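Observations on the model geometry
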Amino acid sequence: MEFTPGKLNTFLLFKLPSAFISGVRVKQITTDQCVVSVKHRWINQNPFNSMYFAVQAMAAELSTGALVMYHIKQSGKKISMLVANNKGTFTKKAKGRNTFTCTDGHLIAEAIANAIATGQGQTFWMKSVGVDEAGDAVSEMHFEWSIKAK
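Let me begin by describing the structure that accompanies this report. (Residues numbered from 1 in each chain as written. Predicted model: local features only at pLDDT ≥ 70, side-chain atom pairs only at ≥ 80, totals over all residues. Heavy atoms only, no water.)

Attention now goes to the nonpolar core. In this structure, Val24, Ile29, Val68, Phe124, Met126 and Ile147 are the most contacted members of the largest nonpolar core, which totals 36 residues. Here this core takes 10 residues from helix H3 (residues 53–75), the largest share from any one element. Those residues in contact with isoleucine 147 that sit more than four places away from it in its chain are Val68, Ile79, Ser80, Met81, Ala111, Ile112, Ala115, Gln120, Gly121, Gln122 and Phe124. (Core = buried A, V, L, I, M, F, W, Y, C linked by side-chain atoms within 4.5 Å. Buried < 20%, exposed > 50% of the residue type's maximum accessible area, 1.4 Å probe, protein only. Helix = DSSP H or I, 4+ residues; strand = E, 2+ residues; numbered from the N terminus. Contact = heavy atoms within 4.5 Å.)

Here you go:
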């Protein structure tokens, strides 16, 4: 699969339909960064008239996971990936359009190289920050990814 926002969004439709239905969409992906956007709507709200925390987590996880998938594809090797742990901090109600950005692409190449060289699983933490339309942080999520060469 070519890694473009359109291809990743089609992947969401078929492989992660709850994220797609909730409005989670990849807007940009490069070697170092992935940007994911989601708009507060009726389908993804909580009882407090803001975006449900799990929708924010889906968007944040996708911003990190798409980068891991991108680097695995670039390596040309069969490598499994799994979220081993996560942490989240919520600082403001998520309303309107929220953008989640991960800029930790540089962490992945070294972990993949170590996984291939040693045959051992590798773990690393990646951060995604969600901001609203005013540029204010609404949440910060950290995901510990585990990868292993097959």
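Think of a pair of aromatic rings as described by two things: how far the centres are apart, and how the planes are tilted against each other in angle. If you walk through the whole model with that rule in mind, you get 3 aromatic pairs. Here the aromatic rings of phenylalanine 3 and tyrosine 70 are separated by 5.7 Å at their centres, their planes lie at 85°, and the arrangement is edge-to-face. Linking phenylalanine 3 in the segment before helix H1 (5–15) with tyrosine 70 in helix H3, this pair joins segments that are 67 residues apart in sequence. In this pair, the class of phenylalanine 3 matches that of tyrosine 70, namely buried. Ring centres of phenylalanine 53 and phenylalanine 90 lie 6.4 Å apart, and the angle between their planes is 85°; this geometry places the pair in the edge-to-face category. With phenylalanine 53 in helix H3 and phenylalanine 90 in strand S3 (residues 79–90), this residue pair connects regions lying 37 residues apart in the sequence. You can call phenylalanine 90 partly exposed: its relative accessible area is 40%. An aromatic cluster is built from Tyr52, Phe53 and Phe90, whose rings are joined through pairwise contacts. The ring of phenylalanine 20 has arginine 25 sitting right over it, with the charged end atom 3.8 Å from the ring centre. Stacked on the ring of tryptophan 125, the Lys or Arg lysine 87 has its end atom at 4.7 Å from the ring centre. (Phe/Tyr/Trp six-rings, centres within 6.5 Å; stacked < 30°, edge-to-face > 60°. Lys NZ or Arg CZ within 6 Å of the ring centre and 35° of its normal.)

A separate point is the environment of alanine 59. Within the element layout of this structure, alanine 59 appears in helix H3. You can call alanine 59 buried: its relative accessible area is 0%. Placed 69 residues apart in sequence, alanine 59 and serine 128 show a C-alpha to C-alpha distance of 8.9 Å. With sequence-adjacent residues up to four places away left out, alanine 59 is seen in contact with Val24, Val36, Val38 and Phe100.

All right, on to H1 then. Taken residue by residue, H1 has Leu8, Asn9 and Leu12 as its buried positions. Along the long axis of H1, the arc covered by the buried residues comes to 100°, so they all point the same way. Along H1, exposed side chains directed more than 90 degrees from the buried face belong to Phe14 and Lys15. Of the surrounding elements, those touching the buried residues of H1 are helix H2 (17–22), strand S1 (25–29) and H3. (Arc of directions from axis to C-beta.)

What follows deals with the sheet that holds strand S4 (residues 97–102). Strand order across the open sheet formed by 6 strands is S1-S2-S4-S5-S6-S3, with antiparallel pairing between neighbours. In the strand order of this sheet, the two ends are held by S1 and S3, each with one partner. The sheet shows a mean angle of 25° between the axes of neighbouring strands, taken without regard to direction. Here S1 pairs with strand S2 (residues 34–39) via 4 bridges, running antiparallel. Within the sheet, the bridge partner assigned to arginine 25 lies in S2 and is serine 37. (Pairing = 2+ DSSP bridges. Axes fitted to C-alpha atoms, helices over the stretch in contact; angles between N-to-C directions.)

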